Amino acid sequence: MPQPAGRWLQESSRRRGRLRLHSVVATGRQTRYNQWSCVLVVTLPENPTKVLVVTNMYPSAAHPVDGSFIHEQVESVRALGVEVDVYHIDAARASRWNYVAAFRELPARLRRTRYDLLHSHHTYCMPAIAFARSVLRHRIPTVLTFHESEFMKPRDVADESADFIKDLVYSARLKRWALNRADVVIPVWSGLTRGLGYHGRQVVLPCGIDFLRFQPRDRDTCRREIGLPADRPVVFF
């Protein structure tokens with residue numbers, strides 16, 4: 001069952017010789033985000049921690065908002081002194097063949113550089129990770145941050161734009177497979193893993209908010225600045 005981050009991490013930090021996770025309570029001095037900052041730090045007594053984030057979403061100069069929340073998390077953790085590299089499988093903007101290329105590139109990268117932890121941000125990244133761990137015969141601790149709610153789409157609602165590859169994003173079976181390949185799963189909401197019937201090792205960590213960018217302001221002033229009516233209910237999604 002999902003557990004609150006603080007209690008789970010406190011308990012796990014006492015288990016020597018296993019995956020140890022340390023949490024950092026976000027404050028204005030430690031990080032700008034009100035979340036447990038990435039949290040996924042394997043603690044090795046005499047060696048610095050080195051993390052490889054594997055994601056199919058990440059900002060670029062041409063597309064600065066793609067996976068911006070992952071970039072924010074990476075920068076927040078780097079600010080805490082953790083060395084973080086990013087392997088971006090750019091399938092959405094470049095080519096889906098990059099998912100296939102990852103089966104060659106990721107093992108090669110893991111041979112060149114020793115990482116203490118792999119942090120995946122999507123089900124589609126897990127096949128290459130599972131393959132690399134198998135080929136290298138080195139079980140690098142792997143965590144999966146699970147954001148994906150597409151499997152909740154009602155079956156009678158069709159996505160007419162979906163081809164075979166895109167349609168896999170709705171597959172509950174594929175998502176269960178990915179969850180079971182991770183050492184720790186981090187759902188951003190407990191309903192995600194509960195909806196898939198997953199009961200493995202997990203800790204719920206909701207996404208954070210950048211308090212330097214988002215601060216309470218006068219509602220009427222905000223509505224006037226962005227052209228919203230002042231006298232009508234507004235629902236923000």
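Every value quoted in this text rests on a predicted model; they were computed, and no experiment measured them. (Residues numbered from 1 in each chain as written. Predicted model: local features only at pLDDT ≥ 70, side-chain atom pairs only at ≥ 80, totals over all residues. Heavy atoms only, no water.)

Looking now at helix α3 (residues 97–112). The end-to-end C-alpha distance of α3 is 23 Å, a good match for the 22 Å that 16 residues give at a rise of 1.5 Å each. Roughly 35° is the biggest bend found in α3, and it falls at F103, with proline P107 one to four residues downstream. Every buried residue of α3 is listed here: Y99, A101, A102, L106, P107, R109 and L110. On the buried face of α3, the contacting elements are β1 (50–55), β2 (83–88), β3 (117–120) and α4 (126–136). (Helix = DSSP H or I, 4+ residues; strand = E, 2+ residues; numbered from the N terminus. Expected span 1.5 Å × (residues − 1). Bend = angle between axes of the 7 residues up to and from the residue. Buried < 20%, exposed > 50% of the residue type's maximum accessible area, 1.4 Å probe, protein only. Contact = heavy atoms within 4.5 Å.)

Within the fold, N56 resides in the loop between β1 and α2 (68–78). Those residues in contact with N56, other than ones at most four positions away along the chain, are H88, I89, Y99, H122, Y124 and C125. One polar contact links N56 to Y99, side chain to side chain, over a distance of 3.0 Å. (Polar contact = N/O pair within 3.5 Å; in protein donor to acceptor, adjacent residues only side chain to side chain.)

Turning our attention to the side chain of H121. Relative to the helices and strands, H121 resides in the loop between β3 and α4. For H121, the side chain forms a polar contact with the side chain of H147, separated by 3.0 Å. Leave out the neighbours within four places in its chain, and H121 touches V53, V54, T55, M57, I70, Q73, L144, T145 and H147.

Judged by pairing direction, the sheet is parallel, and its five strands sit side by side in the order β2-β1-β3-β4-β5 without closing on themselves. Only two strands of the sheet have a single partner each, and these edge strands are β2 and β5 (184–187). Within this sheet the neighbouring strands show an average axis-to-axis angle of 20°, counted without direction. In this sheet, strand β4 (residues 142–146) lies alongside β3 in parallel orientation, the contact comprising three bridges. Its bridge partner lying in β4, L118 is registered against T142. Contacts from α2 reach β1, β2 and β3, with the element oriented near 160° to β2. (Pairing = 2+ DSSP bridges. Axes fitted to C-alpha atoms, helices over the stretch in contact; angles between N-to-C directions.)

Before going further, it helps to examine the pattern of salt bridges. Throughout the structure, instances matching the rule amount to seven salt bridges. The partner of E83 in a salt bridge is K50, with the nearest N and O atoms 2.4 Å apart. Residue E83 is found in strand β2, and its partner K50 is found in strand β1; the two are separated by 33 residues along the sequence. On the basis of relative accessibility, which here comes to 14%, the residue K50 falls in the buried class. We note a salt bridge from D85 to K50, for which the minimum N-O separation is 3.5 Å. Highlighted residues: D85 in strand β2 and K50 in strand β1, separated in sequence by 35 residues. (Salt bridge = Lys/Arg side-chain N within 4 Å of Asp/Glu carboxyl O.)

Two elements in contact, α4 and helix α6 (residues 172–181), have axes separated by 10 Å at closest approach and are oriented at 40°. On the basis of their axis angle, the class for α4 and α6 is oblique. α4 and α6 meet at a crossing whose hand is left-handed. When α4 is examined against α6, the residues M126, P127, A130 and R133 are found in contact with a partner set consisting of W177, A178 and R181. Residue classes in the contact of α4 with α6 are distributed as five nonpolar, no polar and two charged. (Parallel < 35°, antiparallel > 145°, perpendicular 65-115°, else oblique. Left-handed = near helix turned anticlockwise from the far one by under 90°. Nonpolar A, V, L, I, M, F, W, Y, C, P; charged D, E, K, R; others polar.)

Together, F103, F131 and V135 give the surface a local cluster of nonpolar side chains, amounting to about 220 Å² of exposed area. As for its placement among the helices and strands, F131 is situated in helix α4. Take F131: its relative accessible area is 35%, and that puts it in the partly exposed class. (Patch = residues over 30% accessible without salt bridge, like charges linked within 9 Å, V, L, I, M, F, W, Y side chains within 5 Å. Areas by Shrake-Rupley, 256 points an atom, 1.4 Å probe, with all protein chains shown as cover.)

In the predicted model, the chain carries a mean pLDDT of 78, and 78% of its residues have values of at least 70. Here residues 1–48 scores under 50 on pLDDT; set against residues more than four positions off or in separate chains, the count is 106 contacts. (pLDDT = per-residue confidence, 0-100.)

Turning our eyes to something else, we now look at the packing of aromatic side chains. Summed over the entire model, instances satisfying the criterion amount to two aromatic pairs. Measuring from centroid to centroid gives 5.5 Å for Y99 and Y124, while their planes differ by 90°, and the two rings are edge-to-face. Here Y99, found in helix α3, pairs with Y124, found in the loop between β3 and α4; they are 25 residues apart in sequence, far enough to count as distant. Take Y99: its relative accessible area is 17%, and that puts it in the buried class. On the basis of relative accessibility, which here comes to 17%, the residue Y124 falls in the buried class. A ring pair is formed by F103 and F131, whose centres lie 5.3 Å apart and whose planes are at 55°; its orientation type is tilted. Here F131 lies in helix α4 and F103 lies in helix α3, a separation of 28 residues in the sequence. (Phe/Tyr/Trp six-rings, centres within 6.5 Å; stacked < 30°, edge-to-face > 60°.)

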